[in-house]
Number of protein chains: 2
Amino acid sequence: MSKPKVLIFDVNETLLDLTPLKISVGKALGGREDLLPLWFSTMLHYSLVETLSGNYHSFGEIGTAALKMVAETQGIELEYQDAKVAVVTPLRSLPPHHDVAVGLKMLSEAGFRIVSLTNSSAEAAETQLRNAGLTDLFEKRFSNESVKKYKPHPDTYRMVIDDLSVRPEEVLMIAAHAWDLAGAKNVGLQTAFIARPGTALYPNVAKPDYVVNDLPELVKRLRETD
Amino acid sequence: MSKPKVLIFDVNETLLDLTPLKISVGKALGGREDLLPLWFSTMLHYSLVETLSGNYHSFGEIGTAALKMVAETQGIELEYQDAKVAVVTPLRSLPPHHDVAVGLKMLSEAGFRIVSLTNSSAEAAETQLRNAGLTDLFEKRFSNESVKKYKPHPDTYRMVIDDLSVRPEEVLMIAAHAWDLAGAKNVGLQTAFIARPGTALYPNVAKPDYVVNDLPELVKRLRETD
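- If you look chain A up in an unreviewed UniProt entry, it shows as (S)-2-haloacid dehalogenase from Methyloprofundus sedimenti.
- Here chain A is described in UniProt, under the heading Sequence similarities (unreviewed entry), as follows: "Belongs to the HAD-like hydrolase superfamily. S-2-haloalkanoic acid dehalogenase family."
- UniProt annotates chain A under Catalytic activity (unreviewed entry) with the comment "an (S)-2-haloacid + H2O = a (2R)-2-hydroxycarboxylate + a halide anion + H(+)".

Right, dumping it as structure tokens:
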């Protein structure tokens, strides 16, 4: 495995800290912050249900619908508009994890091309990265909205490598989600898992090429490569 | 909408009661029965991650991996073998919901052709239906294993309608899961939602053609049709 030339970063949870969302969603669910993982998992599941059923709604719309469903199955009353505010408002202004700005600068100085690829809509993603002060650290920012399919559908990754005119093996996909890396590996990319709190690897697929705790550790590992 | 000729039943949760699984999975997670929905959602999400990433493991294997992940993200120690026993053993001997045997007999007597379609492997599904005493109530039993893709991938439903040589609009898909019905509707089937405890409709797609609380209510609604 040779050193990659292009780094694709996932955004939500990988670069941005979901804690404000946890608080907001928990509040909408009557204080049940413990239900955040179920809500997030339901949102991810239904993003793929839509992808496989010929539907397309934005990630915010799917997240709102998922929150309504979690509330209903838990016997919690929640209006659609309140669910929408609980999801969409904090999602657009998540803070970056503490290692992100410094890590991205180190990677940029080391000569890597850096782009982002998220399941957030293009407009939401621009807002997210601007609010987190990260916009200028990316050569280009991609959203699954361009292909109307959600990661890990192969078309989402292929859109990026086609747009940048690079070969899959020259590219490293970086995410805090095992499902994202399973999809990237499927189209031939190298993969790196950032172990954010509360995340886990998926035991049924091969381990990612890099498994690190934060971006400076990834920088160090990439320096040792090749 | 005319009266359907063929009824396709989903199995897990739609016909079979997941309560023993809830107890078993909760026990493996140190008494956390509240984590069953997160485990089930994670299993469903990763079944589609595999489908979209060129992988295929059985539903039991995906369920075991999902249970390992939930344990890890919750800081609970759980060995693979213990996770497997907690998932696979009860999954194979779930009892039917109280209305199922009587409801299926009523539908059969009313002249409908009745088949099943599940994400459980063919061998697991045969065991499940035999242990529940339901095998003989189905003309034919289908598993997604034949196409190595999980519902709601269109190929799973098309496999059934092709095998039975029927037109999509002559077929009613019956499930307790909104995602299953979204996939069935996408290939042109009629849809019926059985509202089992703890299930919810998905607000982003059209309401199923029938929404009922149990099978006798579905029988009544079908009698009123056409």
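Description of the sheet that holds strand β2 (residues 113-118) of chain A
Residue and element names in this part refer to chain A.
Alright, step 1. One open sheet accounts for six strands, arranged β3-β2-β1-β4-β5-β6; its pairing is parallel. Every interior strand has two partners, whereas the edge strands, β3 (140-143) and β6 (210-212), have only one. Averaged over all adjacent pairs, the angle separating strand axes in this sheet is 20°, with direction ignored.
Alright, step 2. Examined bridge by bridge, strand β5 (residues 190-194) and β6 share three bridges and lie parallel to one another. Bridging from a neighbouring strand, A192 pairs with Y210 of β6.
Alright, step 3. Contacts from helix α8 (residues 178-186) reach β4 (171-175) and β5 within the one sheet, and its direction differs from that of β5 by about 175°.

Some thoughts on unusual backbone geometry
Most of the time, phi is negative for any residue but glycine, and the peptide bond is trans.
Alright, step 1. The amide bond that connects K151(A) to the next residue, P152(A), takes the cis arrangement and shows omega of 10°.
Alright, step 2. Locating P152(A) in the fold gives a position in the loop between β3 and α7 (154-164).
Alright, step 3. For E13(B), which is not a glycine, the phi torsion comes out positive at approximately 75°.
Alright, step 4. Among the secondary structure elements, E13(B) is positioned in the loop between β1 (6-9) and α1 (19-28).

Let's talk about the interface of chain A and chain B
Alright, step 1. Each side of the interface is counted separately: chain A has 39 residues, and chain B has 39 residues.
Alright, step 2. Summing the contributions of chain A and of chain B, the shared interface buries around 3,400 Å²; its carbon and sulfur component is 67%.
Alright, step 3. For the pair chain A and chain B, the number of links is zero salt bridges.
Alright, step 4. If you look at where chain A meets chain B, you find 11 residue pairs in polar contact (both at pLDDT 80 or more).
Alright, step 5. Taken together, the residues that form the side of chain A that touches chain B break down as 20 nonpolar, 15 polar and four charged.

Thresholds, definitions, all that
Residues numbered from 1 in each chain as written. Chains lettered and ligands numbered in written order. Predicted model: local features only at pLDDT ≥ 70, side-chain atom pairs only at ≥ 80, totals over all residues. Heavy atoms only, no water. UniProt positions renumbered as here; feature names shortened; annotations may be inferred. Pairing = 2+ DSSP bridges. Helix = DSSP H or I, 4+ residues; strand = E, 2+ residues; numbered from the N terminus. Axes fitted to C-alpha atoms, helices over the stretch in contact; angles between N-to-C directions. Contact = heavy atoms within 4.5 Å. Buried area = accessible area lost by both parts, 1.4 Å probe. Salt bridge = Lys/Arg side-chain N within 4 Å of Asp/Glu carboxyl O. Polar contact = N/O pair within 3.5 Å; in protein donor to acceptor, adjacent residues only side chain to side chain. Nonpolar A, V, L, I, M, F, W, Y, C, P; charged D, E, K, R; others polar.

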